[in-house]
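# Inside the fold
Read off the chains here:
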Amino acid sequence: MTMQNSGTTSARVERFETIVIGGGQAGLAVGYELARRDVDFVILDAARRVGDAWRQRWDSLRLFTPARYSSLPGMPFPAPPKHLPDRDEVADYLERYAERFDLPVRPNTRVDAMVRDDSRYAIRAGDHCLEAEHVVVATGPFQSPRVPEIAARLSSGIHQLHSSQYRNPFDLPEGPILVVGAGNSGVQIALELARYRKVWLAGREVGRIPRRLLGRDVYDWLWPVLTRATVETPWGRRLRARTMSGDPLVGIPGRALREAGIVRVGRLTEERDSWPVCEGQVLQPRVVVWCTGFSPDYSWLTPRVLDERGAPRHHRGVAMDAPGLYFVGLRFQHNMTSALLGGVGGDASFIAEQLSSRIASASPS
C-alpha cells in the first residue's frame with residue numbers, strides 16, 4: 001500500500017494493488033484466495049463488525065443448506081454436518097474466518113462512488129479516497145430491499161416493514177398480519193408469526209423440495225448437481241432462467257401452513273379503500289411484512305459496466321469493457337451455488353487466479 005497527497009486540497013489518497021468492496025462471505029472468500037497468491041489488497045466493509053449483515057436479519061433465521069455445504073475455502077463450518085446453522089452461528093463463523101486468516105478488513109467504510117481514472121480505479125468512501133489497479137465487487141445479490149409501489153397506497157394505519165427489518169413477532173403491533181411473498185423467507189416468517197396471531201400469506205406457489213430424500217438430506221443429492229449446472233452448459237442456462245424468478249421451498253411441506261392455521265390468499269393484486277386486495281379478497285391487516293426480495297444496487301458504479309437492467313456486464317465475474325474489474329457473489333455467477341455460503345469459494349478462486357495472472361502479465365520481465 002502507498003499513500004500520497006493529491007492536488008491543492010492535500011487529500012490523502014491510499015493506493016493498493018487490489019481493493020475488495022464488501023466484507024461478507026464473498027469478500028472474505030476472495031480475500032483468502034488473494035492472500036494465498038500474495039496479492040496486496042484491502043477489504044472495505046460498510047458494517048461495524050464482520051458478520052453484521054447476518055446479525056441484522058430476523059432472530060430465528062436458519063440456513064436451508066446443512067453445515068456440510070456451508071463452508072468457505074480453507075475452514076470447515078464448525079458444526080455437525082447435518083446441522084442447519086442459525087444466523088448468529090453464520091455471523092460468528094465469518095468473523096472467526098477473517099481473524100484466522102488475518103484478512104485486512106476495514107470496517108465502517110461504505111463506498112459512495114467508483115470511477116475509472118486512467119489505469120486505476122478511484123474510490124470514494126466518505127472522506128477517504130482510495131485507488132487500485134484492480135477492484136473486486138463482492139457486495140452480494142441482496143442489497144436494496146424491494147417493496148412494490150402498492151405499499152404507498154395502503155392505509156397509514158397499517159404497520160409496514162420489509163423482511164430485512166423483521167426481527168421477531170414481539171416487535172410488531174397486535175393484530176392480524178399479511179405476509180406478502182411465499183418464498184422461503186416469507187413462509188418461514190409466516191410460520192413463526194402464526195404461533196401468536198392470525199396470518200394471511202400472499203404470493204404465488206414456488207414449488208417445494210423435501211428436506212430428506214431416500215434417507216439422506218436432499219442436498220446430499222442436489223449439491224453435486226447444482227455445482228455442475230454452470231452457465232457454460234445448456235441445461236445450466238435453462239435452470240438459471242427457470243430459477244431467476246424464485247427458489248422452491250426447502251423442507252416445508254404444504255401441510256405445515258395448514259397445520260399452523262395460515263390462510264393462503266393468492267397474489268396481492270391491488271388496493272381498495274386503502275386495504276390490500278389479494279385476487280379479489282379484501283383484507284384488513286394490522287401489519288404487512290413485505291417478503292418481496294431485494295434488488296441489486298450498483299448506482300455507485302460507472303454506468304458503462306452495467307447492462308440495461310442495472311446488473312453487471314460480466315463473464316464468470318470478469319467485467320466486460322472494464323479491465324481490472326471483477327465481481328464475486330452474484331446469483332448464478334457461474335452455477336446455482338455461486339451466491340451461497342458454501343458455493344462462493346469456487347468463484348472466488350477463479351477470480352483471484354484471473355486477477356493474479358493479470359498482475360503477473362503486467363509486471364516487467
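So, how was this worked out
Residues numbered from 1 in each chain as written. Predicted model: local features only at pLDDT ≥ 70, side-chain atom pairs only at ≥ 80, totals over all residues. Heavy atoms only, no water. Helix = DSSP H or I, 4+ residues; strand = E, 2+ residues; numbered from the N terminus. Pairing = 2+ DSSP bridges. Axes fitted to C-alpha atoms, helices over the stretch in contact; angles between N-to-C directions. Contact = heavy atoms within 4.5 Å. Parallel < 35°, antiparallel > 145°, perpendicular 65-115°, else oblique. Left-handed = near helix turned anticlockwise from the far one by under 90°. Nonpolar A, V, L, I, M, F, W, Y, C, P; charged D, E, K, R; others polar. Patch = residues over 30% accessible without salt bridge, like charges linked within 9 Å, V, L, I, M, F, W, Y side chains within 5 Å. Areas by Shrake-Rupley, 256 points an atom, 1.4 Å probe, with all protein chains shown as cover. Salt bridge = Lys/Arg side-chain N within 4 Å of Asp/Glu carboxyl O. Buried < 20%, exposed > 50% of the residue type's maximum accessible area, 1.4 Å probe, protein only. pLDDT = per-residue confidence, 0-100.

Okay, the environment of P248 next. When you line up the elements, P248 lands in the loop between helix 6 (234–243) and strand 15 (249–250). Placed 41 residues apart in sequence, P248 and G207 show a C-alpha to C-alpha distance of 4.8 Å.

On to the sheet that holds strand 9 (residues 159–162). Sheets are built from strands that pair by backbone hydrogen bonding, the pairs being arranged parallel or antiparallel. Across the sheet, which stays open at both edges, the five strands sit in the order 9-20-10-11-16 with parallel pairing between neighbours. Strands at the two margins of the open sheet, each flanked by one partner only, are strand 9 and strand 16 (263–266). Strand-to-strand twist across the sheet, computed as the mean angle between neighbouring axes with direction ignored, equals 20°. Of the strand pairs in this sheet, strand 9 and strand 20 (residues 287–290) are connected by four bridges, and their pairing is parallel. When the sheet's bridge partners are listed, L161 is paired in strand 20 with V289. In the packing of helix 4 (residues 184–193) onto the sheet, contacts are made with strand 10 (177–180), strand 11 (199–202) and strand 20, and the angle to strand 11 comes to roughly 170°.

Here we take up the pairing of strand 18 (residues 275–278). Across a regular strand the side chains alternate sides, sitting on one face of the sheet and then on the other. Note that strand 17 (residues 268–272) and strand 18 share four bridges and pair antiparallel. Bridge assignment links R272 to a residue of strand 18, and that residue is W275. The antiparallel hairpin formed by strand 17 and strand 18 contains two residues in its connecting segment, where D273 sits at a positive phi of about 55°. Count of turn residues in the strand 18/strand 19 (residues 281–282) antiparallel hairpin: two residues, of which E279 carries a positive phi of about 50°.

Interaxial distance between helix 1 (residues 25–36) and helix 3 (residues 87–100) falls to 11 Å at its minimum, and their mutual angle equals 20°. The angle between helix 1 and helix 3 places the two elements in the roughly parallel class. As helix 1 runs across helix 3, the sense of the crossing is left-handed. Residues Q25, L28, A29 and Y32 of helix 1 form the contact with helix 3, whose participating residues are L94, Y97 and A98. Looking at the contact of helix 1 with helix 3 residue by residue, the classes come out as six nonpolar, one polar and no charged.

Time to look at a nonpolar patch on the surface. The grouping of L213, L214 and W221 at the surface amounts to a nonpolar patch, some 330 Å² of accessible area in total. With respect to the secondary-structure elements, W221 resides in helix 5 (residues 218–228). With relative accessibility at 36%, the residue W221 sits in the partly exposed group.

The subject of this paragraph is the confidence of the model for the chain. The predicted model of the chain has a mean per-residue pLDDT of 93, with 96% of residues at 70 or higher. Across residues 6–10, confidence stays below pLDDT 50; counting only partners more than four residues off in sequence or on other chains, it has three contacts.

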